[in-house]
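# Structural characterization, general
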Amino acid sequence: MSGSWPFTGREGELARASAAMAERGAVVLVGAAGVGKSRLALELLDRLGRTRVLGIVRATASARELPLGALLDVLPEVSADLSGLQLAVAALGPRDGRDVLLVDDAHLLDEVSAVAVGRLVTRGVRLVLTARAGEPAPEAITALWKDDLAVRIDVGPLDRERTVAALAGALGAPVEPVSARRLHDTSGGNLLWLRHLVDGERIAGHLRAESGMWVWSGEVALSPVLSDLVGARLAGLSEPQQRVLELLAVVEPLDLDLLERLAGAEAVEETAQRSLVTLEETGDRWEARPAHPLYGELVRSRTSVPRARRLRAELSDALAGTEAGRPGADLRRAVLSLDNGRRPDPGLLLAAARQASGVSDFGLAERLLRAAIAAGGGFDARAGLAALLVYMLRADEADTVLALAAEEASDPDEMTRAILLRTLTAHFGASGAAVVDGGEHVLREAERRSSGDDPTEDPRHDGIRCVIAACRGEVAEAVARGERVLAAPTPSDDDVVLVSWGLGYTRALVGDARPPADLVDRGLAAALRGRVMGNYAGNLAFSEILDAQLRGEPESARRRLAWAHDLPGAEGAVWVALFEGRLGSVFGSPRSAVPALEGVLAVFPGHGGGWAAWLLALVAQCHGMLGDAAAARTALTAAEGRRHPQVTMMEFELDLARAWVEAASGAGRSAVEAARRAAERCRAIGVRAAEVVARQHAVRLGATDQAERLRELAEQLGSPRSRLAAEHAAALADARELLLVAGRLERRGMRPEAADAAAQAAAVARADHELVLATEAAARARGLAAACEGLRTPALADAEAPVVLSAREREIAHLAGEGLTNRQIAERLQVSVRTVESHVYRACSRLGLSDRAALVVVAGPRPD
């Protein structure tokens, strides 16, 4: 069981409630059942500090029948009739404004208790009330916020980010992104239901810890407790109302007019009035859906198989007549046809599978494609399934399906698609000895079969060869093949996706003057139409994130990050975590980046098509920059064990991971050498933007020989990162210039680099005996390091070399910093003024300081 859940995700509401108590002395927390109002109220009591708790009243429906029934526990001597009202108010007040009364579920108070509670707010009693949204409450309670006597704070469900934090706190470890999104979406952000959902799924074995991360798989299995909680909201439904929820449990959303025709307008109105169904206006119509995801889950679990089949058939017929041509209509009809007692249409299933992939529901897409194969969908169905399996890195299954698809290929287009799929499988999905051959041998074999013993390259394969070359770091070949495809009069959509992928990464790594954004947009549009490459949108989009990092322009990543947040389903969660992890690892959030990147690893088993080693290398770099040598080494070892021999363009990231492992271990010289190796590896293959990053890491780690090459790269690239890296390297001997560079780096969002530049300024200033400047630079470095979630690099460690002052000298300096004169200091310490002056003189002489003001700066702040 999950045990006690920590208080999290409600810090904003808690702050507003605390402010309301300070301003008005009364607050009413209003929200749906289970959102956490009561827990928030109890936390507020703790936050109030010196207040005295008069009592905690929990109003109930049963106590409502008795006047003052809810207050009897805090007023045992007062009679439970109307005459007791004045006595009740007198017993609880007046007070001095420090006492507090908490009333939970105040909407259930009887009228007399409600009046008594309402009067207390004017008699020096502070009130914390909770009430359920949508439920009638006594007039005396609603008058509190209507008459401005109390502040009403609406407590809604947790959003996805706060749900993730609550889950990690309760489970003691992060939840991988896809599972976290599913848990949030299923619970609707309702904390009570989330807690019971987690408990039930753990007991069922669906939610389990794997490699330090929680993963949820399988269908929802409602626990008895959760079934009872949700079932209580659905109790007392009439048969027509039950039918409304059954129809919506089969397919949602439904057009309101259609739902009213199938279930009756009155029943729909009644369920909406009970907040069991929500209505939303979309364009020119209204759509209905269950008010909470768990309503649909519970109704489905209670619906018999024959009844569910009949409902699906009924809805399929209804949708065919009313939603033809609407977006998503084919997908909805196809899902309803999967098990409704009729033979499905393979063409409909194929179209629906493409739509399911388009919204990242790959599990549904696979079901539809397998059903299409069973219904006689032929080559298109098998090729579609193979493409999906390749993308999901299930290479062995893809090979089996492809073998059958190849037998059914009957024209050049189908044969080309089969070759492309086999190449993708061989290059990205193969494991063991097969992965060494890569995908090129598949293309050569196909060309040999079609051209004989002296085969020529088939230009139809330029798209996939562009990707292969980019993965191998063969920049010139990737560019040549990609540009050739884009220059063709009518390139295929799949080829446009492929070259947008290969050229996008290449442009980012090279530092091309043309950012990949336009290329990515073109590729994403083509992916919507592609027959093979429709699932690779996230891979394409990542080149913009990579480009933002390498150029040193974090703001330019915002557009694509927002795009990822809008991606539906599990795929959206993966790319959001990957994008945010990558950006966080380089722009100052390394501690947050680690769980994001590690969570994504669950989606990339084995070598993960090249992703696994890359992500683990970033994790190792983050740990190294945070000073955790053991964790960094563990991540690096894992990265080296999951390298993909056909994806070598990211090998420099492994070199940088080694550099930060050595740095965190105290091996400064080895760290610099590893960063230099990364730079030379990049230079050898012509990826200049990546070379800038590698040399910038070397500078941060203490290399003093990078200025000339970085100046050349800055002249060639002109990006913010290249210019600032060159300025950083050129300023290493000048403390003041280093501080200026640190400021420019910080303004550009490159906070880790700024922290190290400031730290290096402190070290240089100290070596030059400019202790005031050194102290100021060290303070700046500490602030930047703290803003980077506790960065701990060698440069930051060197900046913290202590200034040698005796305890008495430091004490005098701290008192001087508080504005005391020498005479006042002497009186405070009970020594002579001459003694104080002597301490100040000796310290300034020894440290080369000009006056007492400089000594104050050098001594630093008084320890807490």
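Rules and cut-offs
Residues numbered from 1 in each chain as written. Predicted model: local features only at pLDDT ≥ 70, side-chain atom pairs only at ≥ 80, totals over all residues. Heavy atoms only, no water. Helix = DSSP H or I, 4+ residues; strand = E, 2+ residues; numbered from the N terminus. Buried < 20%, exposed > 50% of the residue type's maximum accessible area, 1.4 Å probe, protein only. Contact = heavy atoms within 4.5 Å. Areas by Shrake-Rupley, 256 points an atom, 1.4 Å probe, with all protein chains shown as cover. Pairing = 2+ DSSP bridges. Phe/Tyr/Trp six-rings, centres within 6.5 Å; stacked < 30°, edge-to-face > 60°. Lys NZ or Arg CZ within 6 Å of the ring centre and 35° of its normal. Expected span 1.5 Å × (residues − 1). Polar contact = N/O pair within 3.5 Å; in protein donor to acceptor, adjacent residues only side chain to side chain. Axes fitted to C-alpha atoms, helices over the stretch in contact; angles between N-to-C directions. Parallel < 35°, antiparallel > 145°, perpendicular 65-115°, else oblique. Left-handed = near helix turned anticlockwise from the far one by under 90°. Nonpolar A, V, L, I, M, F, W, Y, C, P; charged D, E, K, R; others polar. Salt bridge = Lys/Arg side-chain N within 4 Å of Asp/Glu carboxyl O. 1 Å grid on protein atoms, 1.4 Å probe; cavity = no way out; pocket = protein on both sides within 12 Å on 5 of 7 lines; lining within 4 Å. Points joined across faces, edges and corners; volume = space filled by probe spheres on them.

## Structural notes on the overall build of the protein
Secondary structure summary: the protein contains 45 helices and 10 strands in total. Across its three principal axes, the protein shows a C-alpha extent of roughly 100 × 90 × 45 Å. Scored against the burial criterion, the 864 residues of the protein give a buried share of 54%. Residue pairs at least 24 apart in sequence account for 68% of intrachain contacts in the protein once pairs closer than 6 positions are excluded. For the protein, the accessible area works out to roughly 36300 Å², and carbon and sulfur atoms hold 51% of it.

## Quick notes on the pairing of strand E10 (residues 285-290)
Taken residue by residue, a regular strand's side chains alternate between the two faces of the sheet. Judged from the two bridges that link them, strand E8 (residues 254-255) and E10 form a sheet pairing that is antiparallel. The partner of Leu-254 across the bridge, within E10, is Ala-288. Here strand E9 (residues 277-282) pairs with E10 via six bridges, running antiparallel. From the neighbouring strand, Val-277 faces E10, where its bridge partner is Pro-290. Counted along the chain from E9 to the antiparallel partner E10, the turn is two residues long, and its residue Gly-283 has a positive phi close to 65°.

## Here's the deal with the sheet that holds E10
What the three strands build is an open sheet, ordered E8-E10-E9; its pairing is antiparallel. A strand with exactly one partner marks an edge of an open sheet, and here the two such strands are E8 and E9.

## Here's the deal with the packing of aromatic side chains
Counted by the stated rule, this structure contains 14 aromatic pairs. The structure contains a cluster of three or more aromatic residues connected by ring pairs, namely Tyr-505, Phe-542, Trp-575, Phe-579, Phe-604, Trp-611 and Trp-614. Directly above the aromatic system of Trp-145 lies the positively charged group of Arg-152, at a separation of 4.9 Å from the ring centroid. Over the face of the ring belonging to Trp-216 we find Arg-182, whose NZ or CZ atom lies 4.0 Å from the ring centre.

## Some words on helix H16 (residues 346-358)
The end-to-end C-alpha distance of H16, which contains 13 residues, comes to 18 Å, matching closely the 18 Å that a straight helix rising 1.5 Å per residue would cover. You can read the cap of H16 off the contacts: a side-chain oxygen lies 3.0 Å from the backbone nitrogen of Gly-347, and it is on Asp-345. After H16 finishes, the residue Ser-360 shows a positive phi value of roughly 65°.

## Comments concerning the side chain of His-196
Looking at the secondary structure, you find His-196 in helix H8 (residues 191-203). Non-local contacts of His-196, meaning those with residues more than four positions away in its chain, are made with Ser-223, Val-225, Leu-226 and Leu-229.

## Let's talk about the packing of helix H38 (residues 735-747) against helix H40 (residues 771-787)
It is the contact of H38 with H40, at a shortest axis distance of 11 Å, that shows an interaxial angle of 20°. Between H38 and H40, the angle is such that the two are roughly parallel. Viewed along their axes, H38 and H40 form a crossing whose handedness is left-handed. Across from Ala-735, Arg-736, Leu-739, Ala-742, Gly-743 and Glu-746 in H38, the residues of H40 making contact are Leu-773, Ala-777, Arg-780 and Leu-784. For the contact of H38 with H40, the per-class residue count stands at six nonpolar, one polar and three charged.

## Side note on the pattern of salt bridges
A full pass over the atoms with the stated rule returns 58 salt bridges. With its nearest N and O atoms 2.9 Å apart, the salt bridge here joins Arg-484 to Asp-462. With a gap of 22 residues between them, Arg-484 in helix H24 (residues 475-487) and Asp-462 in helix H23 (residues 462-471) connect regions that are remote in the sequence. One salt bridge connects Arg-695 with Glu-680, and the closest N-O pair in it is separated by 2.8 Å. Here the residue Arg-695 occupies a position in helix H35 (residues 688-700), and Glu-680 occupies one in helix H34 (residues 668-685), the gap between them amounting to 15 residues. It is possible to trace a salt-bridge network through shared partners that takes in Glu-457, Asp-462, Glu-477, Arg-481 and Arg-484.

## Notes on empty space enclosed by the protein
Per the stated rule, a full pass over the model turns up three cavities of 30 Å³ or more. Computed from the structure, the largest cavity encloses a volume of approximately 90 Å³. As for the largest cavity, its lining consists of 14 residues, and the residues nearest its centre are Gln-549, Val-586, Val-693, His-697 and Glu-753. Where the lining of the largest cavity is concerned, the elements lending two or more residues are helix H29 (569-587), helix H31 (611-625), H35 and helix H39 (751-767). Within this model, the second largest cavity holds a volume of roughly 50 Å³. Considering the residues around the second largest cavity, the lining is formed by Ala-470, Gly-473, Glu-474, Val-475, Tyr-505, Thr-506, Leu-509, Met-649 and Val-687. Sort the elements by how many residues they give to the lining of the second largest cavity and helix H25 (residues 493-510) lands first, with three residues. Along the lines of polarity and charge, the residues of the lining of the second largest cavity split into six nonpolar, two polar and one charged.

## Comments concerning helix H42 (residues 807-817)
Listed in full, the buried residues belonging to H42 are Glu-809, Ile-812, Ala-813, His-814, Leu-815 and Ala-816. Against helix H43 (822-829), helix H44 (833-847) and helix H45 (852-859) lie the buried residues of H42. Taken from the residues just after H42, Gly-819 is the one with a positive phi, measuring 95°.

## What to know about the sheet that holds strand E2 (residues 52-58)
With parallel pairing, the five strands of this open sheet are ordered in space as E2-E3-E4-E1-E5. Sheet topology places E2 and strand E5 (151-154) at the edges, where each strand pairs with a single neighbour. Adjacent strand axes in the sheet meet at a mean angle of 15° when their direction is disregarded. As paired elements, E2 and strand E3 (residues 99-104) share six bridges and run parallel to each other. When the bridges of E3 are listed, Arg-52 appears paired with Asp-99. On the sheet, helix H2 (residues 37-47) packs against strand E1 (26-31), E2, E3 and strand E4 (126-132) and is oriented at approximately 170° with respect to E4.

## Focus on the environment of Arg-823
Counting through the fold element by element, Arg-823 comes out in helix H43. On a C-alpha basis, the gap between Arg-823 and Phe-362 in space is 78 Å, while along the polypeptide they are 461 residues apart.

## Details of the layout of surface pockets
For the second largest pocket, the calculated volume is near 800 Å³. Lining of the second largest pocket is provided by 30 residues; of these, His-565, Val-576, Ala-577, Glu-580 and Ala-596 occupy positions nearest its centre. Where the lining of the second largest pocket is concerned, the elements lending two or more residues are helix H6 (160-171), helix H7 (177-187), helix H28 (558-566), H29 and helix H30 (590-601). With eight residues, H29 is the largest single contributor of residues to the lining of the second largest pocket. For the lining of the second largest pocket, the residue count by class is 18 nonpolar, six polar and six charged.

## Here's the deal with unusual backbone geometry
Omega for the bond connecting Glu-252 with Pro-253 falls within 30 degrees of zero, at -5°, which places this linkage in the cis form. If you trace the backbone, Pro-253 turns up in the loop between helix H10 (239-250) and E8. For Asp-105, which is not glycine, the phi dihedral falls at a positive 60°. Topologically, Asp-105 is positioned in the loop between E3 and helix H4 (111-120). Phi is positive for Ser-275, close to 60°, though the residue is something other than glycine. Residue placement: Ser-275 occurs in the loop between helix H12 (265-273) and E9.

## With respect to the packing of H35 against helix H37 (residues 720-730)
Between H35 and H37, whose axes approach to 10 Å, the crossing angle comes to 30°. The orientation of H35 relative to H37 falls into the category roughly parallel. In this structure, H35 meets H37 at a crossing whose hand is left-handed. Taken together, the residues of H37 that come into contact with H35 (itself represented by Val-692, Val-693, Gln-696, Val-699 and Arg-700) are Arg-721, Ser-722, Ala-725, His-728 and Ala-729. Its residues assigned to classes, the contact of H35 with H37 shows five nonpolar, three polar and two charged.

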